[in-house]
There are 2 protein chains.
Amino acid sequence: MADDPATEILDATYRALCEHGYANLTLQDIATEADTSKGSIHYHYDSKDQLFVAFLDELYERFTDRVNSHDGDTPREQLEALLQVLLTTDADSSLRAFRTAMLELTAQAPYNSTLQERLTDFDEFLIEQLREILASGVDTGEFDDNINPVHDAEYLATTITGAHTRHVAINHSSDQLYDTMTRYIERQLLADEQAEVAQ
Amino acid sequence: MADDPATEILDATYRALCEHGYANLTLQDIATEADTSKGSIHYHYDSKDQLFVAFLDELYERFTDRVNSHDGDTPREQLEALLQVLLTTDADSSLRAFRTAMLELTAQAPYNSTLQERLTDFDEFLIEQLREILASGVDTGEFDDNINPVHDAEYLATTITGAHTRHVAINHSSDQLYDTMTRYIERQLLADEQAEVAQ
């Protein structure tokens, strides 16, 4: 898995977050999870804050890799693959634990501008991916040229964020939502002749 | 404002949450805000947990009153008024502080079934309101009879939840989202002849 101690600490941070949540997490918890000492963590990261910035940067790398690797020959297939990656993995219970910790962390953003910058990066990256897919679908004629890729990308990203919040709040599966969003794409985004084929 | 000490304590809880957040909030903070003693709070509420359940119940009452009082003669007007109430109040900075505290509290739901039950009540109430508006719009012919009120209500509620999370995470105004959702209603939900009038 991890190649070097710094990366192993970040992997351990992920596991410790899932186990303890964010608010009560200590460097000792992470050291225990990494099978190392607090001193060793301090050698790589000055503070818990600095460790979390590095953790979010690592997470951002993985997130962008995962989102960029979505399959699909056409924009519509790419959009559906992306929604599938982001919405249909709820059955994995460790993912709910992780999303819970991320939501705790999100609630700290108003008090921590470095954290807020990182969360903004995630948000903007997702919207930009969605916007590119929508815009290229309009170009190829697969999507209705009345759609506004900027606004519709924001709308989709907001719904995805809401699905993750509801997954934590009420342990609600997003499977039905995925179906509804797929229908939304067919009715709202596809060009008319494409939508007729889909029905 | 408050008629009795128990209600005054709940009002003070709201203000203390906005000021201190949820994680670090103590009964002493609430007592200070209510200009009373911790002992007086304990007289009314056995524990911080019990106080928060009462607080959420009170909040639920206010939320249902606010949502039920939405104006509008037709289902479409009712839907737009409801979205306006839920999405276009971001300029109020105390609301962001409150949503931040609520997000912290939401992240505790997986560890606290009583809390999760309350959050589920909020979620179900909002979806039911949206479903009723959509279903009555289908009945009157204002909304397209191809829409599925149950699924579309969940979709709208998920997007509203996401807007509130993004408001906390990245301090993003929902004004543009409100415009996009209004356009979504016009294109996706309205019956065809209504949609043409709207364009």
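If you look chain A up in an unreviewed UniProt entry, it shows as DNA-binding transcriptional regulator, AcrR family from Halopenitus malekzadehii.

(A) Fine view of the UniProt feature "DNA-binding region" (unreviewed entry) in chain A. What UniProt calls "DNA-binding region" (unreviewed entry) maps, in this numbering, to residues 26-45 of chain A. End C-alpha atoms of residues 26-45 of chain A are separated by 13 Å, and the span's content is 75% helix alongside 0% strand.

(B) Quick look at the interface of chain B and chain A. Listed by partner, the interface residues are 45 residues for chain B and 45 residues for chain A. Contact with chain A buries surface across chain B, with Tyr155(B), Arg166(B) and Arg187(B) losing the most and accounting together for 17% of the total. Linking chain B with chain A are 4 salt bridges, by the criterion used here. The tally of links between chain B and chain A comes to 10 residue pairs in polar contact (both at pLDDT 80 or more). If you list the elements that add at least two residues to the side of chain B that touches chain A, you get α6 (93-106), α7 (113-140), α8 (149-170) and α9 (175-189) of chain B. Considering only residue class, the side of chain B that touches chain A consists of 17 nonpolar, 19 polar and 9 charged.

(C) Representation of the relation of the copies chain B and chain A. For these two chains of identical sequence, chain B goes onto chain A by a turn of 180° and a shift of 0.0 Å along the axis, with RMSD 0.0 Å. The transformation just described matches what one would write down for a two-fold rotation axis. Closest approach to the rotation axis within chain B is made by the C-alpha atom of Gly162(B), at a distance of 1.7 Å. Comparing interface residues between copies, 100% of those in chain B also sit at the interface in chain A, which points to an isologous, same-surface contact.

(D) Spatial organisation of the pattern of salt bridges. All names here are of chain A. Within the structure shown, the criterion is met by 20 salt bridges over all chains. Among the salt bridges present, the one from Glu58 reaches Arg62, with a minimum N-O distance of 3.0 Å. With a gap of 4 residues between them, Glu58 and Arg62 both fall in helix α4 (residues 48-68), about one helical turn apart. On the basis of relative accessibility, which here comes to 25%, the residue Glu58 falls in the partly exposed class. Bridged by salt links that share partners, the residues Glu8, Arg15 and Glu33 form one connected network.

Each value, and the rule that gives it
- Residues numbered from 1 in each chain as written.
- Chains lettered and ligands numbered in written order.
- Predicted model: local features only at pLDDT ≥ 70, side-chain atom pairs only at ≥ 80, totals over all residues.
- Heavy atoms only, no water.
- UniProt positions renumbered as here; feature names shortened; annotations may be inferred.
- Helix = DSSP H or I, 4+ residues; strand = E, 2+ residues; numbered from the N terminus.
- Contact = heavy atoms within 4.5 Å.
- Buried area = accessible area lost by both parts, 1.4 Å probe.
- Salt bridge = Lys/Arg side-chain N within 4 Å of Asp/Glu carboxyl O.
- Polar contact = N/O pair within 3.5 Å; in protein donor to acceptor, adjacent residues only side chain to side chain.
- Nonpolar A, V, L, I, M, F, W, Y, C, P; charged D, E, K, R; others polar.
- Least-squares fit on C-alpha atoms with pLDDT ≥ 70 in both.
- Buried < 20%, exposed > 50% of the residue type's maximum accessible area, 1.4 Å probe, protein only.

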